Amino acid sequence: MQKVTPLEWKDECLYLIDQRKLPMEEIIVIAKNVEDTFNAIKDMVVRGAPLIGFTGIWGLVLALNESTSLDDFKASASYLNSARPTAVNLEFELKVCVEMATKYCAENGTLEGFKTLLEAHAINEMKVLHDKNLAMAKRAEQELKEVTGHEGPYTLMTICNTGYLACGPQGTALGIITYLHSKGKVKHVYASETRPYMQGVRLTAYELSKSGISHEVTVEGAFSYLLKEKNVDAIFAGADRIVANGDTANKIGTSSLSIVANHYNVPFYIAAPISSFDINMETGSEIPIEMRPEEEILEFKGIRVAPADSRALNPSFDVTDHKMIEGIFCENGLIKPVDKENVLKVLG
Ligand code: MRU
């Protein structure tokens, strides 16, 4: 299987595959400074919570070409963090970098030489996520056996794109599916579209197709039909922010899917690394929801499709109530049932 690489660091630049163009075109966007990195995140050249976080780290590596002052470094971190507000992974990764820089500066009196350390950190963060995602996939395999009473092959469903294009290595929710496939345990997968760039139809289908997994893409309006008629064993979704009580922000449409899943008794799971948790927030009502440009809805490929005077409401994410979630997989294990006590217990 030939995979495209969503993010690559070479020749002192960040090479990003333009995810708005896949699978029809494989176009590379090169980020040479903090501003390029900010725009790539904001315009969704690069997307998916973990990958946005890693891109943020590389943005700070680039910031060190412009200045080695700690204040400037912190200002670059705040600027990058403002590119997309819902996915906490960006904030998480930038915060770690600022802490590292502050410590380095205290010990060395300058950020001179810090770049090498930060580059190694960026590479390592992506590497360890692979192991974390694999741990989640293995736990999910065990859980599926328990809830279904059999070892597959399973009919599964997912929403948006949570594979290696969203994470760098392996993937979270889609990573579970590809792992199960590698063990011969996947019969069929339903992949739901998603806005604004049809991430499910283009990116998830692309990954499933490259992995040779039997699949069909579907529109968000088909949730009820699908879950009533198609004997789906389980649904796996990713997360952009999980708060203390387990409420979870993810791609717009995820909450509707969870409600329909509960209606038809289909177990609905979230899979996300600990960098997706934000226990400073008690409930989902505190999560900032990114509102995207109206044109993404009013136009199709740059051509207006709605009447000239129509407006659009374009929230990029919604919040799934923790009561709708059967369990949350993270690298430390499974949070089930989903409530504050169990979230805090599993996070340690
Ligand atoms: O707007 P996007 O494409 O960045 O949204 C992505 C999602 O909602 C994913 O499900 C989420 O980031 C988890 S990725 C492992």
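Residues numbered from 1 in each chain as written. Predicted model: local features only at pLDDT ≥ 70, side-chain atom pairs only at ≥ 80, totals over all residues. Heavy atoms only, no water.

Moving on, we get to the packing of helix α3 (residues 70-81) against helix α4 (residues 88-108). Contact pair α3 / α4: the axes reach a minimum separation of 10 Å and the direction vectors enclose 180°. As judged from the angle between their axes, α3 and α4 are roughly antiparallel. Contacts between α3 and α4 pair Leu70, Phe73, Lys74, Ala77, Leu80 and Asn81 from the former with Leu90, Glu91, Leu94, Cys97, Val98, Ala101, Thr102 and Cys105 from the latter. A breakdown of the residues in the contact of α3 with α4 according to their chemical character gives 10 nonpolar, 2 polar and 2 charged. (Axes fitted to C-alpha atoms, helices over the stretch in contact; angles between N-to-C directions. Helix = DSSP H or I, 4+ residues; strand = E, 2+ residues; numbered from the N terminus. Parallel < 35°, antiparallel > 145°, perpendicular 65-115°, else oblique. Contact = heavy atoms within 4.5 Å. Nonpolar A, V, L, I, M, F, W, Y, C, P; charged D, E, K, R; others polar.)

To continue, consider helix α5 (residues 114-148). In this model α5 runs 50 Å from its N-terminal to its C-terminal C-alpha over 35 residues, within 8% of the 51 Å that 1.5 Å per residue would give. Positive phi appears at glycine 149, one or two residues downstream of α5, with a value of about 80°. (Expected span 1.5 Å × (residues − 1).)

To continue, consider the packing of helix α2 (residues 49-66) against α4. Packed helix pairs are specified by the crossing angle of their axes together with the interaxial distance, meaning the distance between the axes. Relative orientation of the contacting elements α2 and α4 amounts to 30°, with a least axis distance of 7 Å. Here α2 lies roughly parallel to α4, going by the angle between them. You can see that α2 and α4 cross each other, and the crossing is right-handed. Residue-level contacts link Ala49, Pro50, Ile52, Gly53, Phe54, Gly56, Ile57 and Leu60 of α2 to Asn89, Leu90, Glu93, Leu94 and Cys97 of α4. (Left-handed = near helix turned anticlockwise from the far one by under 90°.)

Moving on: the domain arrangement of the chain. By domain assignment, the chain separates into domain 1 (7-125) and domain 2 (138-347). For domain 1 versus domain 2, the separation of C-alpha centres amounts to 26 Å. If you look at the interface, domain 1 gives 24 residues, while domain 2 gives 29 residues. Taking both partners together, domain 1 and domain 2 bury about 2,100 Å²; carbon and sulfur atoms supply 54% of that area. Counting the surface domain 1 buries against domain 2, the share from its top three residues, Arg47, Thr86 and Val88, is 27%. Taking the shortest distance from any N to any O, the salt bridge between glutamate 290 and arginine 84 comes out at 2.9 Å. Counting the contacts that link domain 1 with domain 2 gives 16 residue pairs in polar contact (both at pLDDT 80 or more). Among the elements that make up the side of domain 1 that touches domain 2, the one with the highest residue count is α4 (5 residues). Residue composition of the side of domain 1 that touches domain 2, grouped by class: 11 nonpolar, 4 polar and 9 charged. (Domains from an automatic or database assignment. Buried area = accessible area lost by both parts, 1.4 Å probe. Salt bridge = Lys/Arg side-chain N within 4 Å of Asp/Glu carboxyl O. Polar contact = N/O pair within 3.5 Å; in protein donor to acceptor, adjacent residues only side chain to side chain.)

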